[in-house]
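# Coordinate inspection notes
Here are the chains, one letter per residue:
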Amino acid sequence: MPQATAIHLSDYQAPAFWVDTVNLSFTLHPTATRVVSKVVFRANPDRTNAGPHDLHLDGQQLKLLSATIDGRPVALDQLRMDDEGLTVPASLLHQDGFLWECEVEINPTANTSLDGLYMSGGMYCTQCEAQGFRKITYYPDRPDVMATFDVHIIGELPVMLSNGNPNGTGGWHDPWPKPAYLFALVAGDLVSFDDTFTTLTGREVALQIFVRPGDQDKCAYAMDALKRSMTWDEQVYGREYDLDLFMIVAVDDFNMGAMENKGLNIFNSKFVLASPETATDTDFERIEGIIAHEYFHNWTGNRITCRDWFQLCLKEGLTVFRDQQFSGDMRSIPVKRIDDVDNLRGRQFREDSGPLAHPVRPTEYIEINNFYTATVYEKGAEVIGMLKLLVGDEAYKSALDLYFDRHDGQACTIEDWITVFEDTTGRDLTQFALWYSQAGTPRVTVSDSFTNGTYTLNFTQDNPPTPGQTDKAPQVIPIRVGFLDANGNEPVAEQLFILEQAEQSLVVTGFTEEPTPSLLRGFSAPIILQRDTTNTERAFLMSHDSDPFNRWEAADTYAQDLLQGMILQGSRPTESYTAAMRDMALDDDLDPAFRGSVLGLPSEAALAKLITDAGHVVDPDKIYQARRDLWLALAEEMADDLRGLYAAMAVAGPYSPDSVAAGKRALRAAALSLIDRLEDGAKTAKAQFDSANNMTEQRAAFAILMRSEHRAEVAAQFYDQWKDNRLVMDSWFTYQIASSKPADTLAIAQGLVQHTDFDWKNPNRFRSVIGPYAMNHSGFHRADGAGYAFLADWLLKLDPINPQTTARMCSAFEPWAYYDTERQNMIRAQLQRMMDTDGLSKNTSEIVGKILG
């Protein structure tokens, strides 16, 4: 295939012409929608000396019917056109400004990639981030071109929506300048769930959630989450909503979770629709977090956007950090932090140590959709958190106020962001900004000594080479440190140590005995911390550390150490570990949600990375068996307590998704899983499945039963109950694979892809089978390599119609180097087969090429 062209940050150049206003008229038709665009251009004064300039407009899959400039018709043969757009020669343009008009025809039905304007079950909808608008009309489709939009929609559907405030039948006006990626249009047979919100200045905002008829009863929680998000953003960040109307539309066919289009958010329906019968506690929590994330984008992403796509972390990292704050405030700050770090380590740390490693702000890309990554989002959020910790809460608030005041209505860069903090605090943040430009996860090694009441911690930092970056400079790493005496008290206050050099020490005095350090409290920096320690010390921290995250971390690293020994040396679980875990699980002074988190063992994928980092070759079967053995040992330790704990965590009364009730159900589910290790026939799980009055408890039991003798019976029962609910059916597919025994995983997946309800063209349904299959570590990495061929077959089938989803799922092959030579060769063979496929998309070929190296 032709060599794709890389785009480089260093090549950025502002356009020769800015846009003042955009007027769009749509005449809807499933296969022949007409779009008339009228765009007012003006000269960029910073580029006039280099003129005269041509006008380049991005455009893909468009049929150009006519064009005019300042009302004068332009013959199509006067334009230079190719598959990526068109160029208007400078000789046809008034260089100080002009009106460009064109009419194009597009085919929404044929647009299976789900960007631009496409059809979803008879509904017209759009997805324009990052570069989908160019599939709607010819336009400078780049984030630094911001303009006001007026839209008119002609069609026979009862609901026709676009950004901004309504302006007559089918008309919409958005007064706030925005880039094209924030444009949205939805039209269909929809009904709305309505409410209102009164802002801090007393304005009343109409709120509407649009869904398909019959789904109105599943919108209440999403609406509640939206109103709480609006209140929180006013109280914490001083940000008030700025239109008369805020709309959300639930769409079944959607590549991502949601999209923050100005005033008209479009959501994957799984992150809007929820009821106690159809959604789990986790579903409710995700809805809450994603609703907040997209709403918060109104200021951090819409009112202030990014200058170019290399600055994606500017809007996404900040907004992820804000939604994490919100979710912590709504639920449990410690448990939210544990979940976020567990996710960061599982996805982003792996990304940072492999062939797909890239900085938070990349310097080049071939396909921008491939950079919606854990590094840009989650590590980007960690960088914001470190900056807040470094400057302090008050300075952070002042800097954000300055950011909003100074840059409202602008397309900005990371440099703009860093500068507001430097101007607010007077600090030089040049070294801190390396977090945006250096890839990889810093490793910090710690040693300690104690002499005459003085305790010294010696820190050494190193960042291993990553693709394109071999030598790394020391970074600014904020490390929260606590000190515990033998009784668990803290004789010296917690310290915030700023590691800035390759080697640096923290010296603390005033101790009467050598303290036990509590390092990196709250996971204050996204690093790998290495220190020689003992499981005795870990057990002590599990019992006494006042920092909840580090109590969980002590339990997690204790489990890692045991499991590594079980996998590599064949050792057995220790009674000291199981006893310490029992004590935490039964401690009623601790939050049940926290106790449920503690009872979760490290994942198989996390253990594979741990073993690889220690210099060993991964054996997936041994990892699977070691986890089972440790679960059994823990269950046996708690055998006399589990049924009491299970009963105590039952929540009486009507279902509520509040954090207290959800925490109890999480701990109850952990107890149920342990009970299942001790009994034959999964009797307790079967009883819970049959009696559950909410999806959280039904699905927890369902997952356990999928590896029991009741598997076929329960799967059929669940299907008969929920076959008409598309979102619940996604979970029916998912849990049969995710919870299967490794020897059965491939056969189950092969059977499910033949099921009449497996619509592989729907992203949710495709991910519901292929996603959990690739994440079933030991099932996917079966020794004969058949699992690799199965995944590659389906990715090749999907790629021609939906390259975005295909490319993202290729990351399952990313850690191929963890495994033995035979598995490596089989993975490489499948990757090479994909790479050699004629017509492989730019999205997929970029990812596969990087993994191959």
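This text goes with the structure placed above it.
Predicted, not measured: the structure shown is a model, and the values here were computed from it.

## What about the nonpolar core?
Ranked by internal contacts, the top residues of the largest apolar core, which has 280 residues, are Trp100, Tyr139, Phe183, Trp417, Phe421, Phe432 and Phe813. By residue number, the principal contributor to this core is helix H10 (residues 548-568), which donates 10 residues. The residues contacting phenylalanine 183, other than those within four sequence positions of it, are Leu24, Phe26, Thr126, Cys128, Phe133, Ile136, Phe149, Val151, Ser162, Asn163, Lys178 and Asn261.

## Remarks on the side chain of asparagine 163
Note that asparagine 163 resides in the loop between strand S13 (159-162) and strand S14 (165-166). The class for asparagine 163 is buried, based on a relative accessible area of 3%. Of the polar contacts made by the side chain of asparagine 163, one reaches the backbone nitrogen of alanine 184; its length is 2.9 Å. Separated by 3.0 Å, the side chain of asparagine 163 and the backbone oxygen of lysine 262 make a polar contact. Contact partners of asparagine 163, with chain neighbours within four places excluded, come to Trp172, His173, Asp174, Lys178, Leu182, Phe183, Ala184, Asn261, Lys262 and Leu264.

## Section: the environment of tyrosine 788
Relative to the assigned elements, tyrosine 788 resides in helix H24 (residues 786-798). Between the C-alpha atoms of tyrosine 788 and alanine 75, which are 713 residues apart in sequence, the distance is 52 Å. Sequence-distant contacts of tyrosine 788, that is, excluding residues within four places in its chain, are made with Phe780, His781, Phe813, Arg823, Met826, Ile827 and Gln830.

## Quick look at helix H9 (residues 535-544)
Counting buried positions along H9 yields seven of 10 residues, so the element is predominantly enclosed. Among the residues of H9, those classed as buried are Asn535, Glu537, Arg538, Ala539, Phe540, Leu541 and Met542.

## Observations concerning the pattern of salt bridges
Should their charged atoms come close, side chains of opposite charge can pair. Summed over all chains, the structure comprises 62 salt bridges. In this structure, arginine 347 engages glutamate 378 in a salt bridge whose closest nitrogen and oxygen atoms are separated by 3.5 Å. With arginine 347 in helix H4 (residues 333-352) and glutamate 378 in helix H5 (residues 374-391), the pair connects residues that are 31 residues apart, well separated along the chain. Residues arginine 480 and aspartate 547 are paired through a salt bridge, measuring 3.6 Å at the closest nitrogen-oxygen approach. Here arginine 480 is found in strand S27 (residues 477-484), whereas its partner aspartate 547 is found in the loop between H9 and H10, with 67 residues between them in sequence. Because the salt bridges share partners, they merge into one network encompassing Arg212, Asp215, Asp217, Lys218, Asp252 and Arg726.

## So, the sheet that holds strand S8 (residues 85-88)
Sheet strands pair via backbone hydrogen bonds, and the direction of the pair is either parallel or antiparallel. Strands sit in the order S4-S8-S7 across an open sheet of three strands; the sheet is antiparallel. Each edge of the open sheet carries a strand with a single partner, namely strand S4 (55-58) and strand S7 (80-82). Strand-to-strand, the axes of this sheet are offset by a mean angle of 15 degrees, without reference to chain direction.

## A closer look at the packing of aromatic side chains
In total, this model carries 51 aromatic pairs according to the counting rule given. Taking 6.2 Å as the distance between ring centres and 75 degrees as the angle between the ring planes, the aromatic pair formed by phenylalanine 321 and tyrosine 396 counts as edge-to-face. Here phenylalanine 321 is found in helix H3 (residues 312-330), whereas its partner tyrosine 396 is found in helix H6 (residues 393-407), with 75 residues between them in sequence. The exposure classification of phenylalanine 321 matches that of tyrosine 396, with both residues buried.

## Concerning the environment of asparagine 489
Relative to the helices and strands, asparagine 489 resides in the loop between S27 and strand S28 (495-499). With 84 residues separating them along the chain, asparagine 489 and aspartate 405 place their C-alpha atoms 45 Å apart. When neighbours within four sequence positions are excluded, asparagine 489 is seen to be in contact with Phe483 and Leu484.

## A look at the side chain of aspartate 547
On the basis of relative accessibility, which here comes to 8%, the residue aspartate 547 falls in the buried class. Reaching out from aspartate 547, the side chain makes a polar contact with the backbone nitrogen of asparagine 550 at a distance of 2.9 Å. Contacts of aspartate 547, omitting those with residues within four sequence positions, involve Arg480, Arg521 and Gly522.

## Side note on the sheet that holds strand S19 (residues 245-251)
Ordered by their spatial adjacency, five strands build an open sheet running S17-S18-S19-S21-S20, and the pairing between neighbours is mixed. A single partner strand is all that each edge strand has here, and the edge strands are strand S17 (191-198) and strand S20 (258-259).

## As for unusual backbone geometry
Here glycine 51 and proline 52 are connected by a cis peptide whose omega angle stands at 0 degrees. Tracing the sequence through the fold places proline 52 in the loop between strand S3 (33-43) and S4. Geometrically, the link from glutamate 129 to alanine 130 is a cis peptide bond, its omega value of 10 degrees lying close to zero.

Conventions used here
- Residues numbered from 1 in each chain as written.
- Predicted model: local features only at pLDDT ≥ 70, side-chain atom pairs only at ≥ 80, totals over all residues.
- Heavy atoms only, no water.
- Core = buried A, V, L, I, M, F, W, Y, C linked by side-chain atoms within 4.5 Å.
- Buried < 20%, exposed > 50% of the residue type's maximum accessible area, 1.4 Å probe, protein only.
- Helix = DSSP H or I, 4+ residues; strand = E, 2+ residues; numbered from the N terminus.
- Contact = heavy atoms within 4.5 Å.
- Polar contact = N/O pair within 3.5 Å; in protein donor to acceptor, adjacent residues only side chain to side chain.
- Salt bridge = Lys/Arg side-chain N within 4 Å of Asp/Glu carboxyl O.
- Pairing = 2+ DSSP bridges.
- Axes fitted to C-alpha atoms, helices over the stretch in contact; angles between N-to-C directions.
- Phe/Tyr/Trp six-rings, centres within 6.5 Å; stacked < 30°, edge-to-face > 60°.

Just distances and angles here, no functional claims.
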